[in-house]
Structure formats: structure tokens, C-alpha cells
Amino acid sequence: MSAKRFERVGAHSHIKGLGVRNGVPLPVADGFVGQAEARRAAWVVVQMIKQGKMAGRAVLLAGPPGTGKTALAIAIARELGEDTPFVAISGSEIYSAEVKKTEVLMRALRSALGVRVREYRRVYEGMVKKMEVKFDRHPYNPWYQVPVEGVVTLKTSSEERTFTVDGAIISEMLAKGVSEGDVVWIDDETGRVYKVGRAQAAERRYDLGSAKLVELPKGPILKEKEFVHTVTLHELDLMHSRSGSLFSLLFGGGEEREISPEVRRGVDETVKKWIDEGRAELLPGVLFIDDVHMLDIEAFSFLSRAMESELAPIIVLASNRGFAKIRGTDYKSPHGMPLDLLDRLLIIETRPYTKEEIREILKIRAAEEKVELDDEALERLTEIGAERSLRYAVQLLTPAKILAGERGSVKVGREDVEEAAKLFVSVKDSAAHLKRYEESFLK
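Residues numbered from 1 in each chain as written. Predicted model: local features only at pLDDT ≥ 70, side-chain atom pairs only at ≥ 80, totals over all residues. Heavy atoms only, no water.

Here's the deal with the pattern of salt bridges
- Inspection of the entire model under this criterion finds 33 salt bridges.
- Glu-103 is the partner of Arg-264 in a salt bridge, and the nearest nitrogen-oxygen pair spans 3.0 Å. A residue pair is termed long-range when its members are at least 10 positions apart, and Arg-264 in helix α7 (residues 261-276) and Glu-103 in helix α3 (residues 101-111) qualify at 161 residues.
- Classification of Arg-264 by relative accessible area gives buried; the value is 8%.
- With relative accessibility at 4%, the residue Glu-103 sits in the buried group.
- Linking Glu-360 and Lys-363 is a salt bridge whose minimum nitrogen-to-oxygen distance equals 3.6 Å. Here the residue Glu-360 and the residue Lys-363 both occupy positions in helix α10 (residues 355-368), the gap between them amounting to three residues, near one helical turn.
- On the basis of relative accessibility, which here comes to 28%, the residue Glu-360 falls in the partly exposed class. (Salt bridge = Lys/Arg side-chain N within 4 Å of Asp/Glu carboxyl O. Helix = DSSP H or I, 4+ residues; strand = E, 2+ residues; numbered from the N terminus. Buried < 20%, exposed > 50% of the residue type's maximum accessible area, 1.4 Å probe, protein only.)

Below is the structure:
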């Protein structure tokens with residue numbers, strides 16, 4: 001049995017960008033089909049973000065279900081770069097018995113703001129030429145020995161030095177599996193050990209081994225190195241609320257139920273100071289709130305204020321509602337949102353796909369899911385997508401492939417699509433079934 005690489009085909013894994021070239025949306029590009037006006041509008045939003053002109057604004061993607069609203073939000077994040085944080089939540093996620101809804105929203109907002117921190121640290125770098133460990137009895141268990149100190153010889157291409165290290169450093173080296181011939185970094189300030197890999201110049205070599213081979217370090221053993229950490233504001237909030245360091249994110253205690261405003265103000269001041277000193281840069285990300293009509297009037301009020309904050313991400317909202325009640329009130333409003341918030345939004349409309357666009361989308365999804373379709377199968381799926389829904393047609397691709405494999409074919413035919421459509425019914429068919437047997441169902 002051959003080993004396979006793990007693959008997860010998501011609903012929007014085919015989206016690579018907006019498919020806009022020189023301000024003109026191409027009919028089919030970057031996984032996108034159609035929605036030319038919406039994509040051009042999203043491209044304009046991306047340019048505004050890059051020029052820093054989106055402060056205090058947000059975007060609303062409004063359209064019927066299955067018209068590419070989530071795909072547009074993902075494409076905006078893709079256009080902003082790989083390092084851009086992208087946080088997606090549903091409007092219903094903010095309701096919890098343990099955490100206030102405003103706290104959930106604030107965590108999502110700050111998780112969508114990245115900070116790239118650069119710092120220079122003095123480290124001892126070299127290949128471990130010799131390592132001796134001195135053990136002694138455990139203070140509480142005389143039958144158990146623990147490392148109390150060690151002697152480590154580090155070597156580079158131009159220097160060789162021997163160091164006496166304490167029990168904490170030698171214990172960490174043993175815990176990380178450091179042996180003679182490995183290249184390590186030892187932080188001068190904290191004493192933390194990082195195993196880089198196995199030196200190519202090591203005397204003891206293995207025919208088979210899992211360690212990464214690296215070159216023998218050059219220059220002096222003690223040197224300054226630049227380290228780049230990318231963290232989110234929410235991670236910094238957690239770190240400061242625990243009064244720890246970056247390492248406390250990995251090894252620290254449990255998360256508090258709520259982070260106080262004082263902690264967040266302290267983090268904001270620290271980040272601004274780092275930016276002024278040139279030690280860090282802000283990476284404004286994208287917070288995508290799907291089904292935004294599920295928020296209530298209090299959450300909308302909080303969101304309106306949060307949009308005007310100095311440290312706010314790009315907020316993209318999506319709704320498939322027409323005129324609906326604002327949750328928590330008796331008032332009806334477009335998209336189920338307060339008018340004063342709608343007035344601050346750049347609204348992008350998405351429209352239902354044409355039959356030709358559905359065909360192209362099915363081709364892209366079939367290629368993404370590695371499903372081969374013959375012409376008749378593609379035509380039948382296109383008809384299903386136009387008559388029932390695009391999402392339903394896409395859902396039938398993999399079942400039809402499995403049915404084709406059962407009859408010994410690598411290509412999906414029309415009969416496979418028909419059988420899959422009989423086994424897995426659409427929403428319209430399910431509603432008709434409920435109506436037919438209405439008296440038999442529990443009420």
C-alpha cells in the first residue's frame with residue numbers, strides 16, 4: 001500500500017484570488033466565474049486597503065444563497081498576501097453561556113490583526129562536539145536521578161569553545177534529543193535550546209535518520225541573530241493576561257474567561273511603541289462574519305464602535321436576507337441590519353449565476369475534486385444546477401464518481417449523475433416529500 005499525502009478539498013479551496021487583471025475582471029480566472037461587477041468592486045476595496053483608506057469602513061456582501069459571497073471574502077484575503085490573517089465566524093457563534101457576546105466579537109477582531117515582531121538576540125550557535133552530563137539524586141526521590149549540570153563543547157568552522165551549563169539547560173537538551181553531532185542554538189538571556197538539525201560534518205553518521213542535515217555553522221559561536229515572530233493581537237492579549245512571555249502561549253496556563261480592557265490597552269500601547277521603534281509592523285487581516293443578520297442590536301452597536309478603532313481589521317460581512325427583523329427588536333430593515341450601520345458599509349451585490357457560468361464552475365470543482373465528467377454528465381449537472389441549486393449540483397460530483405467506480409468506469413456518465421440525484425435529493429424534492437407525507441410526520 002503506497003503512502004498518500006493528506007488532502008482536504010474544501011468548498012473554496014479552488015479560490016486563488018479575485019481574477020482581476022489591470023482592474024478588469026476576467027470571465028474565468030483564479031477559480032472565479034462570473035460576478036464581474038462584484039469582483040471589480042472587491043478589487044477596488046483591496047486597493048483601498050493597500051493604500052490605508054479603509055479605516056472606519058466595512059464591506060457587506062449581499063446576495064442570494066450560493067452566489068459566491070464567502071468566495072469573495074476569501075479572495076480579498078488572498079489578494080492581500082499569504083501572511084494576512086483571515087478569521088471567519090458565523091453570526092450565531094457569538095452567543096455563549098460563559099463569555100459575553102461582545103467579548104467573542106472583540107477576540108475575533110483582534111485575532112484578525114497580526115503583528116510581525118523582529119528582535120535581535122544573542123545566541124550560542126554551533127555543533128555539539130562533546131556533551132557530558134552529571135547526574136545526582138532527585139531531592140524528593142532518592143531512587144531517581146536527575147541532571148544537575150553538564151559540560152558542552154560547541155564547534156563552528158572557525159571556533160571551538162567548552163561551556164559548563166546548569167541543570168535547566170542540560171535537561172532541555174536531553175528532552176529535545178540533542179546528541180553529539182547536532183547543531184543547536186542556546187539563547188544567551190533565557191537559556192532556551194533550539195535543535196536546528198544534524199551537522200553534515202558530524203563524525204557519527206546514520207544510513208537512515210529522521211534528522212534534517214544542515215551545514216556546520218560559520219563564524220564565532222556567540223553571535224546576534226534576527227528572529228521574526230508573527231502573532232495576533234489576541235495572542236498578545238492572552239500572553240499579557242497571564243503575565244508571561246511568548247513562550248507562555250505554548251506552555252502557559254488556561255485561558256481566562258474574559259480579558260480586561262486594561263490588558264488590551266496595555267497591549268495596544270506596547271504594539272504602537274514597537275512600530276514607532278521599527279521593531280514591528282502591523283498586518284491588518286480580514287474578519288469575515290457570515291450570516292451577519294444573526295447578530296442582535298447590542299452586537300451591531302458594538303461592531304459600529306469597533307470599526308472606528310485605530311487597531312481594527314478589515315471587516316467583511318455577508319447576508320442572504322432581504323427585509324428582515326433586526327434581532328432583539330421589532331423593526332424590519334434591509335438585510336436584518338440597523339440602518340445607521342448599513343450607512344457606513346460599502347455594499348457589494350452578488351447575483352444568481354447563469355447556466356453558462358454554472359457549467360464553468362462545475363468544471364472547476366470537478367477538476368479540484370479530481371472527478372472526470374463526460375459531456376452528457378456535465379450537461380445534466382448544469383441542468384440540475386440551474387433548476388435546483390448550484391450547491392446541490394456540486395454536492396453530487398463525488399457521489400457520482402463513486403457510483404461510476406462501482407460499474408468500473410473512471411469517467412462519470414449521465415446515468416451516474418441520475419442515480420446520485422435519486423439517492424441524494426435536493427431541498428425542493430425534500431420539501432415536496434414532506435408535503436406528500438405531511439400527515440405521517442410528527443408535528
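Re α7
- Along its 16 residues, α7 runs 23 Å from first to last C-alpha, staying within 8% of the 22 Å computed at 1.5 Å per residue.
- Buried within α7 are the following residues: Arg-264, Val-267, Asp-268, Val-271 and Trp-274. Each buried residue of α7 lies within a common arc of 125° when the element is viewed along its axis, so the set occupies one face. In α7, those exposed residues whose orientation departs by more than 90 degrees from the buried face are Glu-262, Glu-269, Lys-273 and Asp-276.
- At its buried positions, α7 is contacted by α3, β7 (113-137), α5 (233-241) and β14 (280-284).
- Backbone geometry just downstream of α7 places Gly-278 in the positive-phi region, at approximately 80°. (Expected span 1.5 Å × (residues − 1). Arc of directions from axis to C-beta. Contact = heavy atoms within 4.5 Å.)

Quick notes on unusual backbone geometry
- Phi at Asn-22 takes a positive value of approximately 55°, unusual for a residue other than glycine.
- The topology assignment puts Asn-22 in the loop between β1 (20-21) and β2 (24-25).
- Classification of Asn-22 as exposed rests on a relative accessible area of 82%.
- A positive phi angle is found at Lys-370, which is not glycine, with a value near 55°.
- Positionally, Lys-370 belongs in the loop between α10 and β20 (372-373).
- Since its relative accessible area comes to 53%, Lys-370 is described here as exposed.

Re a nonpolar patch on the surface
- Taken together, the side chains of Leu-434, Tyr-437 and Phe-441 define a hydrophobic patch exposed on the protein surface, amounting to about 290 Å² of accessible area.
- Note on Tyr-437: relative accessible area 40%, which makes it partly exposed. (Patch = residues over 30% accessible without salt bridge, like charges linked within 9 Å, V, L, I, M, F, W, Y side chains within 5 Å. Areas by Shrake-Rupley, 256 points an atom, 1.4 Å probe, with all protein chains shown as cover.)

Topic: the packing of aromatic side chains
- Enumeration over the complete set of coordinates arrives at two aromatic pairs.
- Considering the side-chain rings of Tyr-124 and Phe-163, the 5.1 Å spacing of their centres and the 65° angle between planes classify their relative orientation as edge-to-face. Here Tyr-124, found in strand β7, pairs with Phe-163, found in strand β9 (residues 160-166); they are 39 residues apart in sequence, far enough to count as distant. As far as the burial class goes, Tyr-124 and Phe-163 line up, both buried.
- When the centroid spacing of 5.3 Å and the interplanar angle of 40° are considered together, the rings of Trp-185 and Tyr-194 count as tilted.
- Taking the ring centre of Tyr-95 as reference, the NZ or CZ of Arg-327 above it sits at 4.5 Å. (Phe/Tyr/Trp six-rings, centres within 6.5 Å; stacked < 30°, edge-to-face > 60°. Lys NZ or Arg CZ within 6 Å of the ring centre and 35° of its normal.)

Any link to function would need more than the numbers given here.
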